[in-house]
Amino acid sequence: MTIKKARAALSHSVFTGISRNHLDRLVAELAEPSVAAREGRLHRRRGGRDRHRWPGAGHPETLTLRDRLLLTLAWLRLALPHQALALLYGVDRSTVSNAIRQVRPLLAGRGFATPSGQRLHTLADVLAYAAAEGLTVRLDGTEIQVRRPQANRPGRRAFVSGKKKQNTIKATVASDAHGRPMWAGAIRPGRQHDQTAVRTEGIDDLLDAYPDVKFLVDAGYRGLAKDHPDQVIAPPLKPKKDAPPDEVAAYEAARKAQSSQRIPAEHAIAAIKWWRTLQRFTGRRDVLPEVIRAVAGLASDRAAAR
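The structure reproduced in this document is the subject of the present report. (Residues numbered from 1 in each chain as written. Predicted model: local features only at pLDDT ≥ 70, side-chain atom pairs only at ≥ 80, totals over all residues. Heavy atoms only, no water.)

**Description of helix α11 (residues 245-262)**
Alright, step 1. Helix length check: α11 (18 residues) gives 26 Å between terminal C-alpha atoms against 26 Å at 1.5 Å per residue, within 8%.
Alright, step 2. Every buried residue of α11 is listed here: Tyr251, Gln258 and Arg262. The buried residues of α11 occupy an angular sector of 40° when the element is viewed end-on, so they sit on one face. Exposed and facing more than 90 degrees away from the buried side of α11 are Pro245, Asp246 and Lys256.
Alright, step 3. As for α11, its buried residues are in contact with β3 (136-145), β6 (214-216), β7 (232-233) and α12 (264-273). (Helix = DSSP H or I, 4+ residues; strand = E, 2+ residues; numbered from the N terminus. Expected span 1.5 Å × (residues − 1). Buried < 20%, exposed > 50% of the residue type's maximum accessible area, 1.4 Å probe, protein only. Arc of directions from axis to C-beta. Contact = heavy atoms within 4.5 Å.)

**Focus on the packing of aromatic side chains**
Alright, step 1. Going through the model one piece at a time under the given rule, you end up with 1 aromatic pair.
Alright, step 2. Judged by centre distance (5.8 Å) and plane angle (90°), the rings of tryptophan 274 and tryptophan 275 are edge-to-face.
Alright, step 3. The buried category is assigned to tryptophan 275, whose relative accessible area is 1%.
Alright, step 4. The positively charged end of arginine 285 is found above the aromatic ring belonging to phenylalanine 159, 5.1 Å away from the centroid. (Phe/Tyr/Trp six-rings, centres within 6.5 Å; stacked < 30°, edge-to-face > 60°. Lys NZ or Arg CZ within 6 Å of the ring centre and 35° of its normal.)

**Some details on the environment of lysine 165**
Alright, step 1. By the secondary structure assignment, lysine 165 is in the loop between β3 and β4 (168-175).
Alright, step 2. On the basis of relative accessible area, lysine 165 is assigned to the exposed category, the value being 65%.
Alright, step 3. There is a polar contact of 2.9 Å between the side chain of lysine 165 and the backbone oxygen of glycine 162. (Polar contact = N/O pair within 3.5 Å; in protein donor to acceptor, adjacent residues only side chain to side chain.)

**Some details on the pattern of salt bridges**
Alright, step 1. In total, this model carries 14 salt bridges according to the counting rule given.
Alright, step 2. Taken together, the shared-partner salt bridges in this structure form one network comprising Glu29, Arg110, Arg119 and Asp301. (Salt bridge = Lys/Arg side-chain N within 4 Å of Asp/Glu carboxyl O.)

Taken by themselves, the reported measurements are silent on function.
If you want it as structure tokens, here you go:
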């Protein structure tokens, strides 16, 4: 198969997970960062020395930016092996691996789209945006199964999730009332508690800095709700076994009301988990944070356009 035919086939949304118009916008958006990243790599390869030739001189690149982006999207969407993608393009597997390694950080650095056109990059950006727009933020954690670390390696147990009984990496996702992902971060080994992970991102100080921003969370963040009762809303405590029926009925009604308001967080996580690489990640664990941010950014693009 020629590169032209492979490019036409992979441009379909079945492989990329995005529309062709979205793909065209991505190519235009990443053109300048891609050139800057390439110049940086060449500068480091030269040992910091200046160029002797004009940019673009020498042998042309085998794969254009669009081709490299298509390969990366196909890998993110379907978790296709690099060897299979190399067969489609008629190139060596290392060429595909290098292309994905170059494009992945560009996608991860784009941030998260909002309906207003502003892009959010940090949890501080989320709270500032929520304060300006009067939004209530939904916060929830998700776990992604990863390969088990080698035996006798320090920190091996840190990835064992007490909830899933598997080796996982945990990420925290913030969304709005429409299930749009606004941030994905606090990426930690699966053994760490959801609340502890988000506290390491400085959420306590941010809540103090933005007293008008409110969060809807599940029972895993009850301690955060206890420290910030006016801002963080967690499900009510379950009554005791010998509680009267009216108290149990009131608890069930309050729990269902809070859950129905918090459910958009699950929709945001589902939009991210739709990408095959985040259903079970078989690559290197240190690459997963970039993959999560790249996929969440792409999912936010689709959600913000609704």
